[in-house]
Amino acid sequence: GAVVSQHPSWVICKSGTSVKIECRSLDFQATTMFWYRQFPKQSLMLMATSNEGSKATYEQGVEKDKFLINHASLTLSTLTVTSAHPEDSSFYICSARDYGLPYGEQYFGPGTRLTVT
Amino acid sequence: SQQGEEDPQALSIQEGENATMNCSYKTSINNLQWYRQNSGRGLVHLILIRSNEREKHSGRLRVTLDTSKKSSSLLITASRAADTASYFCAPYQAGTALIFGKGTTLSVSS
């Protein structure tokens, strides 16, 4: 149980274009979803937290107009990187939490590697 | 949210040996979770220990928690090459997101 999928697993796009990454909880209802990014040989950095049906809460330093997050249903969240630039190239990982689980476990997707050329 | 600080940052051992990694955190928690990340992959939830527990086992994993010292340890017994990965601890406070430190990179050679 507790499987989270991401699509696509990797994407290459040209500078100035937008890219959408999907995150789905496959066998549970994700009341809260999280988006992280990870640069090579570094730890995960939390970008934003989203609750189903609410606006996302962004961490300090993360541009909300650049990284659009939509959590429209209990099983789907999307991250759109708008007007992508090479410095946005990174590994993006989503995570989901079911508040039916009492201890705050987060389940992670396999990640999406974004390369902006 | 608070992040854990893992120590050591890197650990190299031979197959069959035990691997111990430590985690420290700063403020009170509801539980502490350990995750593994293989290169280029997402994180896998390994084990969770609640604040009122002192020790927990899962297969070859043994986790301890000392809330008075605000520290935890993860022991992997009889390590295998497949255990090669980065390991992260995540102190959890209710209602907050998990924040991750730099992790411990474990290399197990055969």
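Source: prediction; values computed, not measured. (Residues numbered from 1 in each chain as written. Chains lettered and ligands numbered in written order. Predicted model: local features only at pLDDT ≥ 70, side-chain atom pairs only at ≥ 80, totals over all residues. Heavy atoms only, no water.)

Undergrad: Mind showing me how you'd approach the packing of aromatic side chains here?
TA: Remark: the centre distance and the inter-plane angle together describe each pair of aromatic rings, the angle taken between the planes. Applying the stated criterion across every chain yields a total of eight aromatic pairs over all chains. Residues B:Tyr35 and B:Phe100 carry aromatic rings whose centres are separated by 5.7 Å and whose planes lie at 85° to one another, so their mutual orientation is edge-to-face. Of this pair, B:Tyr35 sits in strand E4 (residues 31-37) while B:Phe100 is found in the loop between strand E9 (85-92) and strand E10 (104-109), placing the two residues 65 residues apart along the sequence. The burial state of B:Tyr35 is the same as that of B:Phe100; both residues are buried. Aromatic pair B:Phe88 and B:Phe100: ring centres 5.9 Å apart, planes at 80°, arrangement edge-to-face. Taken together, the positions of B:Phe88 in strand E9 and B:Phe100 in the loop between E9 and E10 put the pair 12 residues apart, joining distant regions of the chain. B:Phe88 sits in the buried class, given a relative accessible area of 2%. Judged by its relative accessible area of 3%, B:Phe100 is buried. Ring pairs connect the aromatic residues A:Tyr36, A:Phe108, B:Tyr35, B:Phe88 and B:Phe100, which therefore count as one cluster. (Phe/Tyr/Trp six-rings, centres within 6.5 Å; stacked < 30°, edge-to-face > 60°. Helix = DSSP H or I, 4+ residues; strand = E, 2+ residues; numbered from the N terminus. Buried < 20%, exposed > 50% of the residue type's maximum accessible area, 1.4 Å probe, protein only.)

Undergrad: Please clarify how the environment of A:Ser54 should be interpreted in this entry.
TA: Looking at the secondary structure, you find A:Ser54 in the loop between strand E5 (44-51) and strand E6 (57-58). For A:Ser54, a relative accessible area of 44% gives the class partly exposed.

Shape is all these values report; function is a separate question.
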